Amino acid sequence: FTTAVTAAMTTIEDNRQCAAERGEAMGETFPVVQGTPIGVPAAPQRPMGAVLVAVTPLTLEEQVVLNYRTAVLCFSVLDFATTLLNIIAGLASTRDLVWFALAIFILGPLSGILGAKHLNRSLVSVYFAFCGLKTAAEIAFAINMWEWNVLFVVMQGWIIKIVATFMSTLDGISALRRSELLELKDVPVHMVYW
């Protein structure tokens, strides 16, 4: 009963005002006013939870290392697979211990994978030495035993060039900066094929 009496005592203008306060404009439009503080510079708008991070620009040498790092990782995995194929072919074609000598060459690609992953100059140097030895062995096999090893010689030469460029560029970056480069996740990296 009190609600009916209260509703009867309000005027049409009071009803409009109450409806406007509730967001029910009843077909009427009211101007929207947005205040701006005076004398306070506007801060850039960022989404909630966004974190600002200072980005250190990369030198050309550092960008080359990051690009070749990806390539060395990829090619050392490829080198691991081809070495494994050579071991299997050696086992299938001969019963000598030639396959055991080839099995030692597995250590090279493994050190290449770890060296590129951690930007470790020593492991990359070990991989480079194994690449040189493996190329010499592939040439010997191509001349003496298996003619199709010429394909592996060409592939190994390609891998040596990639590893040599990565290793020489890695020399110019300090160990501290290498660890900082490993922390970077949002840097665009381009795979280098030659």
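Structure shown above.
Residues numbered from 1 in each chain as written. Predicted model: local features only at pLDDT ≥ 70, side-chain atom pairs only at ≥ 80, totals over all residues. Heavy atoms only, no water.

**Quick notes on helix α7 (residues 150–171)**
For clarity, the threshold we go by: Each helix is a run of DSSP H or I of at least 4 residues and each strand a run of E of at least 2, with the numbering of both proceeding from the N terminus. One fewer than the residue count of a helix, multiplied by 1.5 Å, yields its expected span. For the exposure calls, accessible area comes from a 1.4 Å probe over protein chains only, and a residue counts as buried if that area is under 20% of its type's maximum, exposed if over 50%, partly exposed in between.
With 22 residues, α7 extends 32 Å from end C-alpha to end C-alpha; this agrees with the ideal 32 Å at 1.5 Å per step. Buried within α7 are the following residues: Phe152, Val153, Met155, Gln156, Ile159, Ile162, Val163, Phe166, Met167, Thr169 and Leu170.

**Considering the pattern of salt bridges**
Selection rule: By convention in these notes, a salt bridge is any Lys or Arg side-chain nitrogen within 4 Å of a carboxyl oxygen on Asp or Glu.
For the coordinates displayed, the defined rule picks out four salt bridges. Taking the shortest distance from any N to any O, the salt bridge between glutamate 62 and arginine 177 comes out at 2.6 Å. With glutamate 62 in helix α3 (residues 60–93) and arginine 177 in helix α8 (residues 175–183), the pair connects residues that are 115 residues apart, well separated along the chain. Accessibility classification places glutamate 62 together with arginine 177 in one group, the buried group. In this structure, the salt-bridge partner of glutamate 180 is arginine 177, at a minimum N-O distance of 2.8 Å. Placement of both glutamate 180 and arginine 177 in helix α8 is noted, with a separation of three residues, approximately one turn of the helix. With a relative accessible area of 14%, arginine 177 lands in the buried category. When salt bridges with common partners are traced through the structure, they connect Glu62, Arg177 and Glu180 into a single cluster.

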